[in-house]
Amino acid sequence: MGKAERRESREFYMLTFPWLVVFLLMSLYPMLYGLYLSFTNFAGFNYENVRYVGLRNYNNVFLDSDAMFALGRSFYIGSLNVLFSTVFGFLIAVLLNNKFKAIGFFRSLYYLPAILPITAVGLMWKQLFATNGVLNDFLSWIGFQPINWLGYDHAAMSLLILLSWGCGGGIIIYLAGLKGISPELYEAAAIDGAGAFRRFRLITIPLMTPVIFFNLVFGIIGSLQIFAQATLLSSNGGLMGVPIRPIYLYLVHTFQQIFMFQRYAYGLALLWVLFIITILLTLIVFGTSRLWVHYESGERKGG
């Protein structure tokens, strides 16, 4: 190793050392300590009497009917959210990739929901979905009956609308990927007689699959962690409230167990079960990506 390489190595470790210290102390250590506590009878203030209980907490997770119901609802709403945000986000990004008047305004408009505080968004949509809210006023104005948006029949759909409204972060990533596609490819395809839809299907979609893959992975991770939106949308107790059954999600149940019932060790077990499920789903997506993720070199991921 030459003198220049040693200097670069020292600079690298000097620059990454602060991040590494913060990661070890603020992320890795609490995570591993939480894993240890999930195998104990920890109840928040019984440090002197903490004892090992084996897999009891994890066994209780799968025996808890509320936890399994909440997990099922998280899978259902999460899968629909990933589908809608991926499809709609991609199509909106394709539209915003065109050049027309005030394009900067529309890009900012679609991205704005992604940077608004979750609490403000949840309370805003709760007012919009209220019985006497703007949406029902509009329906009455055009001759339709008001809808109980936050009732049992429509609460899940209302939550999905709220989540889809905030897909602007993914749109920005899609736009970055679209900008990376060479216009010469579209020009060559147009010369060969390919129409707009054929160019979209044979050029845009294949070259955007790495970006779709990226958003899909982060969409799955984020969708399994939905909490504040569901709680703020249908409960009257803020973040401490309990949403109605159709949008009673897994993290809502975990929050209730930890902070309302002080079942800390059991709550940690709930979180680690979710962590393992998230890892497994991510590995499945990575494993299947070689079948559909394409790169400009013509190779596929994992191929």
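Just so we're clear, the structure is a prediction, and the values are computed from it rather than from any experiment.

A. Geometry of a nonpolar patch on the surface. A grouping of Trp-19, Leu-20, Val-22, Phe-23, Leu-24, Leu-25 and Met-26 is seen on the molecular surface, where their side chains present a nonpolar patch of about 730 Å² in accessible area. With respect to the helices, strands and loops of the structure, Phe-23 is situated in helix α1 (residues 3–37). Assessed through its relative accessible area of 33%, Phe-23 is described here as partly exposed.

B. Expanded view of the nonpolar core. Counting 46 residues, the largest nonpolar core has Val-61, Ile-77, Leu-159, Ile-247, Leu-249 and Tyr-250 as its most contacted members. Among the elements of the structure, α2 (56–63), α3 (65–96), α5 (118–128), α7 (155–165), α10 (196–223), α11 (228–234), α12 (250–260) and α13 (264–288) are those that each provide at least two residues to this core. In terms of residues, this core owes the most to one element, α13, which gives 8 residues. Apart from the residues within four sequence positions on either side, Ile-247 is in contact with Ile-77, Ala-155, Ala-156, Leu-159, Ala-230 and Ser-234. Counting 16 residues, the second-largest nonpolar core is a separate cluster that includes Ala-93, Ile-103, Leu-175 and Ile-203.

C. Geometry of the UniProt feature "domain: ABC transmembrane type-1" (unreviewed entry) in the protein chain. Under the local residue numbering, the UniProt record ascribes the feature "domain: ABC transmembrane type-1" (unreviewed entry) to residues 71–285. Taken end to end, residues 71–285 has its terminal C-alpha atoms 19 Å apart, with 73% of it in helix and 0% in strand.

D. A look at the packing of aromatic side chains. Applying the stated criterion across every chain yields a total of 22 aromatic pairs. Ring geometry for Phe-213 and Trp-292: centres 6.2 Å apart, planes at 65°, overall edge-to-face. In this pair, Phe-213 sits in helix α10 while Trp-292 sits in the segment after α13, placing the two residues 79 residues apart along the sequence. Taking the centre distance of 4.8 Å and the plane angle of 35° together, the rings of Phe-227 and Phe-255 count as tilted. Taken together, the positions of Phe-227 in the loop between α10 and α11 and Phe-255 in helix α12 put the pair 28 residues apart, joining distant regions of the chain. Each member of the pair Phe-227 and Phe-255 is classed as buried. Each member of the aromatic cluster is reached from another via a ring pair, and the members are Trp-125, Phe-129, Trp-149 and Trp-165. The positively charged end of Arg-245 is found above the aromatic ring belonging to Phe-69, 4.2 Å away from the centroid. Above the ring of Tyr-266, the side-chain terminus of Arg-263 is found at 4.2 Å from the ring centroid.

E. Up close: the UniProt feature "transmembrane region" (unreviewed entry) in the protein chain. In this structure's numbering, the residues bearing the UniProt feature "transmembrane region" (unreviewed entry) are residues 12–32, 75–96, 108–125, 155–176, 207–227, 233–252 and 264–286. Taken end to end, residues 233–252 has its terminal C-alpha atoms 12 Å apart, with 25% of it in helix and 0% in strand. Each end of residues 264–286 is marked by a C-alpha atom, and these two atoms are 33 Å apart; helix forms 100% of the span and strand 0%.

F. Representation of unusual backbone geometry within the structure. If you check the backbone angles, Ala-102 has positive phi at about 65° while not being a glycine. Tracing the backbone shows Ala-102 in the loop between α3 and α4 (103–115). Phi at Gln-262 is positive, roughly 55°, even though this residue is not glycine.

G. Structural context of the packing of α4 against helix α8 (residues 168–179). Relative to each other, α4 and α8 sit at 135°, their axes nearing to 7 Å. The angle between α4 and α8 falls in the class oblique. Residues Arg-107, Tyr-110, Tyr-111 and Ala-114 of α4 pack against Gly-168, Gly-169, Ile-171, Ile-172, Leu-175 and Lys-179 of α8.

H. Structural context of the environment of Gly-238. Along the polypeptide, Gly-238 turns up in the loop between α11 and α12. Owing to a relative accessible area of 29%, Gly-238 belongs among the partly exposed residues under this scheme. Considering only alpha carbons, one finds Gly-238 and Thr-119, 119 residues apart in sequence, at a separation of 8.9 Å. If we ignore the near neighbours within four places in the chain, the residues touching Gly-238 are Thr-231 and Leu-232.

I. Structural view of the pattern of salt bridges. In total, this model carries 2 salt bridges according to the counting rule given. For the salt bridge of Glu-11 with Arg-7, the shortest nitrogen-to-oxygen distance reads 4.0 Å. One end of the pair, Glu-11, and the other, Arg-7, are both in helix α1, 4 residues apart, so they sit about a helical turn from each other. Given a relative accessible area of 41%, Glu-11 falls into the partly exposed group. Residue Arg-245 is joined to Asp-66 by a salt bridge in which the shortest nitrogen-to-oxygen separation is 3.0 Å.

About the criteria used
- Residues numbered from 1 in each chain as written.
- Predicted model: local features only at pLDDT ≥ 70, side-chain atom pairs only at ≥ 80, totals over all residues.
- Heavy atoms only, no water.
- Patch = residues over 30% accessible without salt bridge, like charges linked within 9 Å, V, L, I, M, F, W, Y side chains within 5 Å.
- Areas by Shrake-Rupley, 256 points an atom, 1.4 Å probe, with all protein chains shown as cover.
- Salt bridge = Lys/Arg side-chain N within 4 Å of Asp/Glu carboxyl O.
- Helix = DSSP H or I, 4+ residues; strand = E, 2+ residues; numbered from the N terminus.
- Buried < 20%, exposed > 50% of the residue type's maximum accessible area, 1.4 Å probe, protein only.
- Core = buried A, V, L, I, M, F, W, Y, C linked by side-chain atoms within 4.5 Å.
- Contact = heavy atoms within 4.5 Å.
- UniProt positions renumbered as here; feature names shortened; annotations may be inferred.
- Phe/Tyr/Trp six-rings, centres within 6.5 Å; stacked < 30°, edge-to-face > 60°.
- Lys NZ or Arg CZ within 6 Å of the ring centre and 35° of its normal.
- Axes fitted to C-alpha atoms, helices over the stretch in contact; angles between N-to-C directions.
- Parallel < 35°, antiparallel > 145°, perpendicular 65-115°, else oblique.

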